[in-house]
Amino acid sequence: MVHFFREWAKLMKPRSYPDFVPSGSKELQKLHEHRIAMLEEMPGPLIALPTRYPDGYFVPPHRHSRAQLLCASQGVVLVTTGAGRWMIPSDHAMWIPAGVEHSVEILGDVFMRSIYIAVDAVAGVPHHLHVVGLTDLMRCLIIDATSTDSTPQPGSRDALVIELILRDLHTLPQKPLGLPFPADPRLAALCRRFVEEPSPRATIDEWAAALAMSRRSFTRNFQRETGLSFSLWRQQACLFAALPRLADGEPVTSVALDLGYDSVPAFTTMFKRMLGVSPRFYRSGVLYRGIGE
């Protein structure tokens, strides 16, 4: 186990991968496959690993036998599966059940701390993809767990940290930051165009007319296809567009106006409803404090 961990640590040491492997190359794919293979061979109920990714990095589709709690310590991460796309901003995490194929897009410089959990390590955890908020306790536990470079001995302090993580998983609140895409090709096409140019002014009547449907039929169909109301899906799509720009330090006013909001207060109201904090609070970096390095 120690051998595997040390070899993994060499590969996963926080750094920008393109510094030593060209992005999109066959070498990068082989390196990724090697890391996944090593992860599959490592024993224990929980494996905690830190990784630093540069802006624009893409982790190709893959799956693993452990569930993953993917935490974006800084920057923004997009996880894509066959069911849709999920955004993981700082101070949040993505719960990825074991066996689910997913790819990862990096927006901005990201420092990621991932927790890989054996399927028999804890009972009662959700079996569906979703974004969660990190409690203060869980945030500190994850930082602690990903800061060690050895295998915890039973009864040791590090082993207790792992046990606390497993016990605290049930307390993480689910957050509405997913952006599922419909299977219906015509509706999916509308959704893709909206993601490219999001606007809070888009209406149900406009989309229903584009699909030659009644308002009532469209509303039912959209809810059935995405699991969300049109209003909530639209707000989350706008949030998708806003977070990377705010994380890069763009002024709140320019982001709000570019997204089509009539005023900063209107944008702020939506933002606080979705994330629980104001965009200025998010942009200030307060959410990154204590977890980025």
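Scroll up for the structure.
Position numbers for residues start from 1 in each chain and track the written sequence from start to end. Restriction of local features to residues with pLDDT of at least 70 applies here, the model being predicted, together with a cutoff of 80 or more for giving and counting side-chain atom pairs; totals for whole chains, interfaces and linings are based on all residues. As a convention, hydrogens and water are excluded, and side-chain values are obtained from all of the structure's heavy atoms.

1. Some words on unusual backbone geometry
Unusually for a residue other than glycine, A212 sits at a positive phi of about 55°. Each helix is a run of H or I in the DSSP string that is no shorter than four residues. Each strand is a run of E no shorter than two, and both are numbered from the N terminus. Checked against the element boundaries, A212 lands in the loop between α6 (204-210) and α7 (215-226). Under the relative-accessibility criterion, A212 is labelled exposed at 73%. Three labels apply to residues, based on accessible area from a 1.4 Å probe with only protein chains included: buried if under 20% of the type maximum, exposed if over 50%, partly exposed otherwise in between.

2. What about the side chain of H64?
Of note, H64 is situated in the loop between β2 (58-62) and β3 (67-81). Definition of a polar contact: a pair of N or O atoms within 3.5 Å, with one able to donate and the other able to accept a hydrogen when the atoms are protein atoms, and with sequence-neighbouring residues admitted only if both atoms are side-chain atoms. Here Q68 takes part through its side chain, which lies 3.1 Å from a polar atom of the side chain of H64.

3. Re the pattern of salt bridges
Note on definitions: salt bridges are taken to be side-chain nitrogens of Lys or Arg within 4 Å of carboxyl oxygens of Asp or Glu. Counted under the stated rule, the structure contains ten salt bridges. Across the pair R63 and E101 runs a salt bridge, and its minimum N-O distance is 3.8 Å. Placement of the pair is R63 in the loop between β2 and β3 and E101 in the loop between β5 (92-96) and β6 (102-117), with a sequence separation of 38 residues. Judged by its relative accessible area of 42%, E101 is partly exposed. Of the charged contacts in the structure, one is a salt bridge between R201 and D262, with a shortest N-O distance of 2.5 Å.

4. Digging into the packing of helix α5 (residues 185-196) against helix α8 (residues 230-247)
Axes here refer to lines fitted to C-alpha atoms; in helices the fit is confined to the stretch in contact. Angles between the N-to-C directions go from 0 to 180 degrees. The geometry of α5 relative to α8 is characterised by a closest axis approach of 9 Å and an angle of 40° between their N-to-C directions. In this view, α5 runs oblique relative to α8, as classed from their interaxial angle. Handedness of the α5/α8 crossing: right-handed. Across from C191, F194 and V195 in α5, the residues of α8 making contact are W233, R234, A237 and C238. With respect to orientation, any angle under 35 degrees is reported as roughly parallel, any angle over 145 as roughly antiparallel, any angle of 65 to 115 as roughly perpendicular, and every other angle as oblique. Helix crossings fall into two classes, left-handed where the near helix is turned counterclockwise from the far one by less than a right angle and right-handed where it is turned clockwise. Here, residues are in contact when the closest pair of their heavy atoms is within 4.5 Å.

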